[in-house]
Amino acid sequence: MENDRREFIKKTVLGTAALSFGGILPGFSAHSYRNISGANERINVGTVGVNSRGLALSNTFSMQKNCNIMYVSDVDIRAAEKCIDSVSKITGTRPKAAPDFRKAMEDKDLDAMVIATPDHWHAPAALLAMKAGKHVYLEKPCSHSPEEGEILVQAASKYNKVLQMGNQRRSWPNVAKGIEALKSGVIGKPYFGKGWYTNKRPSIGVGKLAAVPDWLNWDLWQGPAPRMPFKDNYVHYNWHWFWHWGTGEALNNGTHMVDLLRWGMGVDYPIRVSSNGGRFHYTDDWETPDTQVISMDFKEGFTMTWEGRSCNARSIEGSSVGAMFYGDKGSLLIAGGNGYTVFDVAGKEIESIEDKEKIDPRNAASPAQQLDALHIQNFFDGITKGTSLRSNIDSGHKSTLLVQLGNISQRVGRSLEIDPQNGHILKDKEARKLWSREYEKGWEMTL
Ligand SMILES: NC(=O)c1ccc[n+]([C@@H]2O[C@H](COP(=O)([O-])OP(=O)(O)OC[C@H]3O[C@@H](n4cnc5c(N)ncnc54)[C@H](O)[C@@H]3O)[C@@H](O)[C@H]2O)c1
């Protein structure tokens, strides 16, 4: 039965190319596409971690005409209910609640999982999903540590699953055009790439030990991470700024821009990485830097930097987020939106291509829903037609690793020498310890 359904998904998709499967919604009501697509030809999806980004993704996935949200999982029952209500308003069908996503994965009809949990859960959940035979759309960063990223690369190949990382700008058409222009030599030979992110985040204060709220399964929230007592300033979102669960602004927002820089330059691994900065703006529990500059040198003769300012929102080049390439004939800017601008070597603008739709890069949940849909459709095409992914895990891991190496340099307080063959840290024993993380006993990632 199950194989029949999967075969049917494939055949139907191939046979109805003219329907332009996966048109970009909103604009096309869910109820109207339900008349076109039968239940059998939709990809059954379970979404995991649906407070903010996961809620936005659940909505965007449910707007795709070839998608059925079958399960919604969250360890916060309020977040799950809100998401189920939201999806059912869009599609007219209520997904089932699966408070423990591992239960949902036992369902043979479930094709894919969308993972938007906190970072410490990303790689372990993706591995469990692939082992259970599911394809995965995995939010960035793909992993909490470099070792986890390498395990995912092996797992996607071992279990032969489609694993797309959520650095959605890879699917934004004018961003891709900007990268093409760069590669065709519009600024000559690029030799420096600068990425950045700025915001004005408030203090997270000093947390107090507190009773676990009755709406939260704290044990499953922690999952693979060694157990900690509950404090009142971890959940939701603030976990980003604790090394135990989060990865700081560098992986939260740096991953996006460093990925564009690496894509544009066509490089894999660096030879040297260093990081400077700290938690300067407030005195509170926040552990990761709020001010950070990561520098990466490549043997190809190219340097990249990423600047993060979490607590001072003064923009760069008029944008809160961006990637700028400097070359011997000019510069090329990809700012927060779906576009790019070319400058001559004197700094004069010579060409600018920009979507009319305004994008708010500081919107934490859904900066650009219609553009996200392009990345989701590429994921679905990967499943149904074998189309190559715009952000497969080999590429996603390499970009994530660059910023992870920045954080490791930051934590040990010195520059790291890197093997350009595989991205591994050379010589430094203390830094190499941070290549992997500790797990709660019984939660280790095994292929
Ligand atoms: N691609 C993008 O543009 C983009 C934008 C925003 C966030 N993100 C990523 O999405 C992820 C989530 O970010 P957020 O801001 O929504 O965080 P959040 O803390 O607001 O939400 C995380 C949710 O995951 C739930 N959760 C934790 N453990 C779970 C488990 N075992 N099973 C099910 N649910 C679980 C939490 O209860 C919470 O509801 C982060 O990794 C972030 O980097 C990506």
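Below: a short report on this structure. Small disclaimer: the values here were computed from a predicted structure and weren't measured. (Residues numbered from 1 in each chain as written. Predicted model: local features only at pLDDT ≥ 70, side-chain atom pairs only at ≥ 80, totals over all residues.)

### Examining the overall build of the protein chain
Short version of the rule: Only DSSP runs of H or I with at least four residues qualify as helices, and only runs of E with at least two residues qualify as strands; both kinds are numbered from the N terminus onward. Any residue surrounded by 20 or more other C-beta atoms within 10 Å of its C-beta is treated as buried, while 12 or fewer makes it exposed and the intermediate range makes it partly exposed; C-beta atoms here are placed from the backbone. In this description, a residue-residue contact is defined by the distance between C-beta atoms placed from the backbone, which must lie within 7 Å.
Within the protein chain, the secondary structure is distributed over 13 helices and 15 strands. Scored against the burial criterion, the 447 residues of the protein chain give a buried share of 51%. Within the protein chain, residue pairs in contact and separated by at least 24 positions form 71% of the contacts whose partners lie at least 6 positions apart.

### Overview of the site of the ligand
Just so we agree on the cut-off: Near, as applied to residues and a molecule or strand, means the residue's backbone-placed C-beta atom lies within 6 Å of it. Gly is put with the polar residues, along with every residue not named as nonpolar or charged; the nonpolar set is Ala, Val, Leu, Ile, Met, Phe, Trp, Tyr, Cys and Pro, and the charged set is Asp, Glu, Lys and Arg. For each domain, the first and last residues come from an automatic or database assignment.
Around the ligand there are 30 residues in total, and Gly49, Asn51, Ser52, Arg53 and His236 lie nearest to it. Looking at the shell around the ligand, the elements with two or more residues in it are helix H3 (53–62) and helix H9 (218–222). Of the residues assigned to the shell around the ligand, the class counts are 13 nonpolar, 11 polar and six charged. Counting residues domain by domain, the shell around the ligand receives three or more from each of domain 1 (2–170 + 373–385) and domain 2 (173–209 + 212–359 + 393–433).

### A short note on the nonpolar core
Going by this rule: Joined through C-beta atoms within 7 Å, a set of buried Ala, Val, Leu, Ile, Met, Phe, Trp, Tyr and Cys residues constitutes a nonpolar core.
Ala126, Val136 and Leu152 are the most contacted members of the largest nonpolar core, which has 102 residues in total. Looking at this core element by element, the count peaks at eight residues for helix H10 (residues 248–265). A domain-level breakdown of this core finds at least three residues from each of domain 1 (2–170 + 373–385) and domain 2 (173–209 + 212–359 + 393–433). Beyond its immediate stretch of four places on either side in the chain, alanine 126 contacts Ile115, Val136, Leu138, Leu152 and Leu163.

### Looking at helix H4 (residues 77–91)
This is how it is decided: Helix span is expected to be 1.5 Å times the residue number reduced by one. Directions are taken from the helix axis to each C-beta atom, and the arc is the one they span.
For H4, built from 15 residues, the straight-helix expectation of 21 Å at 1.5 Å per residue is met to within 8% by its first-to-last C-alpha distance of 21 Å. Of all the positions in H4, only Ala79, Ala80, Cys83, Ile84, Val87 and Thr91 are classed as buried. Viewed end-on, H4 has its buried residues packed into an arc of 130 degrees, placing them on one side of the element. When the buried face of H4 is taken as reference, the exposed residues oriented beyond 90 degrees from it are Arg78, Asp85 and Lys89. Note on H4: the residue one or two positions beyond its end, glycine 92, has a positive phi of about 85 degrees.

### Side note on the sheet that holds strand E10 (residues 302–309)
Just so we agree on the cut-off: Only when DSSP finds a minimum of two bridges between them are two strands counted as paired. For helices, the fitted axis covers only the stretch in contact; all axes are lines through C-alpha atoms, and the angles between them, taken along N-to-C directions, range from 0 to 180 degrees.
Reading across the sheet, the nine strands line up as E14-E13-E12-E11-E7-E10-E9-E8-E15 and stay open at both edges, with mixed pairing between neighbours. The open sheet terminates on both sides in strands that have one partner only, identified here as strand E14 (349–354) and strand E15 (416–417). As judged from the five bridges shared by strand E13 (residues 339–344) and E14, these two strands associate in the antiparallel manner. Its bridge partner being in E14, phenylalanine 343 is matched across the sheet by glutamate 349. Helix-sheet contacts for helix H12 (residues 393–412) involve strand E8 (272–278), strand E9 (291–298), E10 and E15, and the interaxial angle to E8 is about 60 degrees.

### Examining the sheet that holds strand E2 (residues 67–73)
Read from one edge to the other, the open sheet built from six strands follows the order E3-E2-E1-E4-E5-E6, with strand pairing classed as parallel. Looking at which strands have only one partner, the edges of the open sheet turn out to be strand E3 (96–97) and strand E6 (163–165). Across the face of the sheet, helix H6 (residues 122–131) comes into contact with strand E1 (43–48), strand E4 (112–115), strand E5 (135–138) and E6 while running at roughly 165 degrees to E5.

### What about the environment of valine 258?
Mapping valine 258 onto the fold places it in helix H10. Residue classification places valine 258 among the buried positions, given that 28 C-beta atoms sit within 10 Å. In this structure, the C-alpha to C-alpha distance between valine 258 and tryptophan 306, residues 48 residues apart in sequence, is 7.0 Å. Apart from the residues lying within four places of it in its own chain, the contact partners of valine 258 are Gly195, Met304, Trp306, Ser399, Leu402 and Val403.

### Brief notes about unusual backbone geometry
Of note, the amide linkage connecting lysine 140 to proline 141 takes the cis form, showing an omega dihedral of -10 degrees. With respect to the secondary-structure elements, proline 141 resides in the loop between E5 and helix H7 (146–158). Cis rather than trans, the peptide bond between valine 235 and histidine 236 has omega equal to -5 degrees. Note that histidine 236 resides in the loop between H9 and H10. Phi at lysine 427 takes a positive value of approximately 70 degrees, unusual for a residue other than glycine.

### Quick look at the pairing of E4
Here is the rule: Seen with its strands pointing away from the viewer, a crossover is right-handed when the path leading from the first strand over the helix to the second is clockwise.
With burial as the criterion, each face of E4 is covered, one bearing Ala112 and Val114 and the other bearing Met113 and Ile115. Summarising the sheet, E1 and E4 pair through four bridges and their orientation is parallel. What sits directly across from valine 48, in E4, is isoleucine 115. The pairing of E4 with E5 spans four bridges and is classified as parallel. Bridge pairing in E5 places methionine 113 opposite valine 136. In the classification by handedness, the crossover that spans E4, the intervening H6 and the parallel E5 is right-handed.

### What to know about H10
Just so we agree on the cut-off: The bend reported for a residue corresponds to the angle between axes fitted to the seven residues ending at that residue and the seven starting there.
An ideal rise of 1.5 Å per residue puts 26 Å on 18 residues; H10 measures up with 25 Å between its terminal C-alpha atoms. Of all the bends in H10, the greatest measures close to 60 degrees and is centred on glycine 254. Burial of H10 is extensive: 18 of the 18 residues sit out of reach of the surface. Two residues or fewer past H10, glycine 266 is found with a positive phi of approximately 65 degrees.

### Concerning the packing of H6 against H7
Stated precisely, the cut-off is as follows: Working rule for angles: under 35 degrees goes down as roughly parallel, over 145 as roughly antiparallel, 65 to 115 as roughly perpendicular, anything else as oblique. Put simply, a crossing is left-handed when the front helix is turned counterclockwise from the back one by less than a right angle, and right-handed when it is turned clockwise.
It is the contact of H6 with H7, at a shortest axis distance of 10 Å, that shows an interaxial angle of 15 degrees. Relative to H7, the element H6 is oriented roughly parallel. Crossing hand, H6 versus H7: left-handed. Facing Ala123, Ala126, Leu127 and Met130 of H6, the residues of H7 in contact are Glu148, Gly149, Ile151, Leu152, Ala155 and Ala156. The class makeup of the residues in the contact of H6 with H7 is eight nonpolar, one polar and one charged.

### Focus: the packing of H10 against H12
At a minimum axis separation of 8 Å, H10 and H12 run at an interaxial angle of 130 degrees. With respect to H12, the element H10 is oriented oblique. As H10 packs across H12, the resulting crossing turns out to be right-handed. In contact with Gly248, Ala250, Leu251, Gly254, Thr255, Val258, Asp259 and Arg262 of H10, H12 contributes Lys398, Ser399, Thr400, Leu402, Val403, Gln404, Gly406 and Asn407.

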